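Analysis of the macromolecular model
Chain by chain, the residues:
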Amino acid sequence: MITNKFDQTLAAIELNAARKLNWDYQQFKEAFSFTVNDEAIEIAPNKNIFNEFEVQVLKQALLDYGFQYKKTVSDGVLVFEQDVQLR
């Protein structure tokens, strides 16, 4: 049941980010791929590297759900973890 709730949260995060970018959901899903590892979410661009506007939008969209930016991995993957204070 917890996984289902988190899947719903992840979908809400994706919809929120797509809305903030002013993209439709399908366009968003084609541009980015989300991966969940333990208590972190990794976002990778599917085509090009992130531009600064997209990075800021993604940071805000995940912050809206209690995830904070942690690092960028060398291949351009953004890593977000839940805010320890919100756990």
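The preceding data block contains the structure.
Parameters and conventions
- Residues numbered from 1 in each chain as written.
- Predicted model: local features only at pLDDT ≥ 70, side-chain atom pairs only at ≥ 80, totals over all residues.
- Heavy atoms only, no water.
- Pairing = 2+ DSSP bridges.
- Helix = DSSP H or I, 4+ residues; strand = E, 2+ residues; numbered from the N terminus.
- Axes fitted to C-alpha atoms, helices over the stretch in contact; angles between N-to-C directions.
- Contact = heavy atoms within 4.5 Å.
- Salt bridge = Lys/Arg side-chain N within 4 Å of Asp/Glu carboxyl O.
- Buried < 20%, exposed > 50% of the residue type's maximum accessible area, 1.4 Å probe, protein only.

Some remarks on the sheet that holds strand E3 (residues 67-72)
Spatially, E1-E2-E4-E3 is the arrangement adopted by the four strands of the open sheet, whose pairing is antiparallel. The sheet is open, and its two edges are formed by strand E1 (32-37) and E3, each paired on a single side. Adjacent strand axes in the sheet meet at a mean angle of 25 degrees when their direction is disregarded. Sheet topology places strand E2 (residues 40-45) next to strand E4 (residues 78-82); four bridges connect them, and they run antiparallel. Bridging from a neighbouring strand, Ala 40 pairs with Glu 81 of E4. Contacting E1, E2, E3 and E4, helix H3 (residues 52-63) crosses the sheet at an angle of about 15 degrees to E4.

Description of the pairing of E1
Both E1 and E2 contribute to a ladder of six bridges, which runs antiparallel. Across the sheet, residue Phe 34 finds its bridge partner in E2, namely Ile 43. Between E1 and E2, which follow one another and run antiparallel, lie two residues, and Asp 38 among them has a positive phi close to 50 degrees.

Some details on the side chain of Glu 54
Counting through the fold element by element, Glu 54 comes out in helix H3. The residues touching Glu 54, leaving out its near neighbours within four places in the chain, are Leu 21, Trp 23, Phe 32 and Ile 49.

Digging into the pattern of salt bridges
Following the criterion strictly, the structure yields three salt bridges and no others. As a salt-bridge pair, Lys 29 and Glu 14 come within 3.0 Å of each other at their nearest N and O atoms. Here Lys 29, found in helix H2 (residues 25-31), pairs with Glu 14, found in helix H1 (residues 2-21); they are 15 residues apart in sequence, far enough to count as distant. The partner of Lys 70 in a salt bridge is Glu 81, and the shortest N-O contact between them spans 3.3 Å. Placement of Lys 70 in strand E3 and of Glu 81 in strand E4 is noted, with a sequence separation of eleven residues between them. Among the residues examined, Lys 70 registers a relative accessible area of 46% and is labelled partly exposed. Glu 81 gets classed as partly exposed once you look at its relative accessible area, which sits at 28%.

Quick look at the side chain of Asn 16
Mapping Asn 16 onto the fold places it in helix H1. Note on Asn 16: relative accessible area 9%, which makes it buried. Leave out the neighbours within four places in its chain, and Asn 16 touches Ala 61, Asp 64 and Tyr 65.

Interpretation in functional terms is not warranted from these geometric data alone.
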